[in-house]
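Reading the structure
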Amino acid sequence: MPEFDIPGLGRARMKLTDLLKIPAKRSSSMKKVKDDLVEALYTEIRAARLVGHSWTTIAGAIKTETKVRVSKEYISRAFALIDKKVEAETGVRALPSHCRGTTRSGRKR
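Now for a quick tour of the structure. (Residues numbered from 1 in each chain as written. Predicted model: local features only at pLDDT ≥ 70, side-chain atom pairs only at ≥ 80, totals over all residues. Heavy atoms only, no water.)

Considerations on the overall build of the protein
A count of helical and extended segments in the protein gives five helices and zero strands. Each helix and strand of the protein, placed in order from N terminus to C terminus, yields the pattern α-α-α-α-α. Burial statistics for the protein: of 109 residues in total, 23% are counted as buried. Accessible area of the protein: about 8,700 Å², with a carbon and sulfur share of 59%. (Helix = DSSP H or I, 4+ residues; strand = E, 2+ residues; numbered from the N terminus. Buried < 20%, exposed > 50% of the residue type's maximum accessible area, 1.4 Å probe, protein only. Areas by Shrake-Rupley, 256 points an atom, 1.4 Å probe, with all protein chains shown as cover.)

In structure tokens, the structure reads:
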């Protein structure tokens, strides 16, 4: 069927093409998108952690700039896995995965 038979077909095609660039808010593919995002930003996340920035600050920066909803816990876990893999490959020591401060109830460990 030729495109000129249905009005708006070209605009609909463009809109669907644009949707491919943006991941859905809830989908099974979001885990892959988040993992790829953390892997792509690995060196920047590592540098931010070495300087002393919190996972909350890092997650906020990622959410603001990429519009991908990702928690500080997810970034921390994904980063730790990638950091261990890089340590095995290069020999550069991995950063500690969790801080040793207080427990959730607020008391010292």
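Overview of the pattern of salt bridges
Under the counting rule described, the total for this entry stands at four salt bridges. The partner of aspartate 83 in a salt bridge is arginine 46, with the nearest N and O atoms 3.0 Å apart. Here aspartate 83, found in helix H5 (residues 72-90), pairs with arginine 46, found in helix H3 (residues 42-51); they are 37 residues apart in sequence, far enough to count as distant. The residues aspartate 83 and arginine 46 share a single accessibility class, namely buried. (Salt bridge = Lys/Arg side-chain N within 4 Å of Asp/Glu carboxyl O.)

A short note on the packing of aromatic side chains
Taken as a whole and judged by the stated rule, the model has two aromatic pairs. Their ring planes at 25° and their centres at 5.2 Å tell us that tyrosine 42 and phenylalanine 79 sit as a pair that is stacked. Taken together, the residues tyrosine 42 in helix H3 and phenylalanine 79 in helix H5 connect sequence positions 37 residues apart. Among the aromatic residues, those joined into a cluster by ring pairs are Tyr42, Trp55 and Phe79. (Phe/Tyr/Trp six-rings, centres within 6.5 Å; stacked < 30°, edge-to-face > 60°.)

Topic: the packing of H3 against H5
H5 packs onto H3 with a crossing angle of 105° between their chain directions and a minimal axis gap of 11 Å. The angle between H3 and H5 falls in the class roughly perpendicular. Between H3 and H5, the contacting residues are Tyr42, Ile45 and Arg46 on the first element and Ile75, Phe79, Ile82, Asp83 and Val86 on the second. Of the residues in the contact of H3 with H5, the class split is six nonpolar, no polar and two charged. (Axes fitted to C-alpha atoms, helices over the stretch in contact; angles between N-to-C directions. Parallel < 35°, antiparallel > 145°, perpendicular 65-115°, else oblique. Contact = heavy atoms within 4.5 Å. Nonpolar A, V, L, I, M, F, W, Y, C, P; charged D, E, K, R; others polar.)

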